[in-house]
Amino acid sequence: MRDRYVLTGAKLATMEPGAPYGLIEDGAMAVQGDRIAWCGPADALPDSYSEWAAEDLGGRLVTPGLIDCHTHIVFGGDRAGEFEMRLNGASYEEVARAGGGIVSTVTATRAADLDALVAGALPRLDTLIAEGVTSIEVKSGYGLDRETELTMLRAARRLGELRDVTVKTTFLGAHAVPAEYANRADAYLDEVCLPTLRAAHAEGLIDAVDGFCEGIAFSAEQIARVFDLAAELGLPVKLHAEQLSHQGGSKLAAERGALSVDHVEYATEDDARAMAAAGSVAVLLPGAFYTIRETQLPPMEHFRAHGVPMALATDCNPGSSPLSSLLLTLNMGCTLFRLTPEEALAGVTCNAARALGLSDRGRITSGLRADLAIWDVTRPAELAYRIGFNPLHARVTGGKLETRT
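Thresholds, definitions, all that
Residues numbered from 1 in each chain as written. Predicted model: local features only at pLDDT ≥ 70, side-chain atom pairs only at ≥ 80, totals over all residues. Heavy atoms only, no water. Pairing = 2+ DSSP bridges. Helix = DSSP H or I, 4+ residues; strand = E, 2+ residues; numbered from the N terminus. Axes fitted to C-alpha atoms, helices over the stretch in contact; angles between N-to-C directions. UniProt positions renumbered as here; feature names shortened; annotations may be inferred. Contact = heavy atoms within 4.5 Å. Polar contact = N/O pair within 3.5 Å; in protein donor to acceptor, adjacent residues only side chain to side chain. Buried < 20%, exposed > 50% of the residue type's maximum accessible area, 1.4 Å probe, protein only. Salt bridge = Lys/Arg side-chain N within 4 Å of Asp/Glu carboxyl O.

**What about the sheet that holds strand 13 (residues 372–375)?**
Argument step 1. If you walk across this open sheet you meet the 7 strands as 3-2-1-4-13-14-15, and the pairing is mixed. Every interior strand has two partners, whereas the edge strands, strand 3 (35–41) and strand 15 (400–403), have only one. The mean inter-strand angle of the sheet, taken between neighbouring strand axes irrespective of direction, is 35°.
Argument step 2. Where strand 1 (residues 4–13) meets strand 4 (residues 53–64), 7 bridges bridge the pair, whose relative direction is parallel. The partner of Tyr5 across the bridge, within strand 4, is Ala53.

**So, the UniProt feature "binding site: Zn(2+)" (unreviewed entry) in the chain**
Argument step 1. Here, UniProt's "binding site: Zn(2+)" (unreviewed entry) annotation points to His70, His72, His240 and Asp315. For the annotated residues, spread through 246 residues, the largest C-alpha to C-alpha distance comes to 12.4 Å, consistent with a single compact locus.
Argument step 2. Once residues within four sequence positions are removed from consideration, His240 is found in contact with His70, His72, Lys139, Leu172, Asp210, Gly211, Phe212, Cys213, Asp262 and His263.
Argument step 3. Within the structure, His240 has its side chain in polar contact with the side chain of His72 (distance 3.4 Å).
Argument step 4. In this structure, Asp315 sits in the loop between strand 12 (310–312) and helix 12 (326–337).
Argument step 5. Using a relative accessible area of 1% as the deciding quantity, one classes Asp315 as buried.
Argument step 6. In this structure Asp315 touches His70, Thr71, His72, His263, Leu285, Ala288, Ser320 and Ser321, once residues within four positions along its chain are discounted.

**Topic: the sheet that holds strand 12**
Hydrogen bonds between backbone groups are what pair the strands of a sheet, and the pairing can be parallel or antiparallel.
Argument step 1. Pairing in this open sheet of 8 strands is parallel, and the strands run 5-6-7-8-9-10-11-12 from one edge to the other. Looking along the sheet, the strands with just one partner apiece sit at the ends: strand 5 (66–68) and strand 12. Going from strand to strand, the sheet's axes swing by 25° on average, the running direction of each strand aside.
Argument step 2. Two elements, strand 9 (residues 238–241) and strand 10 (residues 260–263), share 4 bridges in a ladder whose sense is parallel. Bridge pairing links His240 to Asp262 in strand 10.
Argument step 3. Packed on one face of the sheet, helix 5 (residues 146–162) meets strand 6 (133–139) and strand 7 (166–174) and runs near 170° to strand 7.

**Side note on the pattern of salt bridges**
Argument step 1. Under the definition given, this model contains 30 salt bridges.
Argument step 2. Measuring nitrogen to oxygen at the nearest pair gives 2.6 Å for the salt bridge that ties Glu137 to Lys139. Accessibility assignment for this pair places Glu137 and Lys139 in one class, buried.
Argument step 3. In this structure, Asp270 engages Arg273 in a salt bridge whose closest nitrogen and oxygen atoms are separated by 2.6 Å. Taken together, the residues span about one helical turn, with Asp270 and Arg273 both in helix 9 (residues 269–278) at a distance of 3 residues.

What follows is the structure in structure tokens.
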């Protein structure tokens, strides 16, 4: 692999402030090692790069590598039966209270070993990579016991070793109360969740800590206990909040300086103000909204008015969002949530990077990591416009150019 090269004949959607998409119509870029050494208009390319190897992209669009900042791709089994239940009239909450939902995946995940979990997740990861994804977040939360939670996190780390993609791991032990702790959520936190968080941190398996603050999961007060330990361990936090009802999770997350608050269909303007003050990203998850047939839209007008960055993610999981296409997520974000195509692309690049605390990627500018996606399209809006079509030409991960096959 060339250690340094120049890409020419490119439309660069830099996602830098200024022009829409930060677009440079006739752009060039110099890459050295795993970094962008220079980018800008082609006619301004410094002479110092003239002897570097060059590749003409023929007018193709280049964006930052896509980032899926909220996934649950490591799990066992499937929940197609619950999909059928919902189509027959059951609500997501009714399914969960009947013993389905998150807890139903726990049995299958506990029965799977490390190799089985990795093997099951790889096709989902490969599908995302084939759409230009260069960074992904993977959560635990389907073990709900010490050993399975640790195994899920080890599987997530293994994915990053097997594929050329950055994997950020998130501990989600406070995802649901397992059957053996029914009606004893605090005991579960004391005896399983918090000790497992300590063990996972000691093993170097965690990049962030998450929870599910909802009527069918944990209260804001209970999540605060998890966040207290995260702070003690020096780990950033994020939160599933206000998905099915308003439980005060967004306010708690903002108070704790959360990287992101995710779902947020039932968030309020006060929540938006708090998130803006904290710098927390609102991660919108249209796959879950679509799958459970939610009707409450996230308050995008409040997020826009108060300057809350908005990200998009697949929420890929076996129950509420069996979605493994970030390109389709772009389209859904526009059609269901009325995001603009520019907001949608920012949601899977610069704002998604911010939601994961990754300050070295998500934009195209000198000094940042050379994670890029090269597309056979003529304008950025095509990425959100098309349905079921993948125009990826090539990925660049850490400066390594990989042509799609």
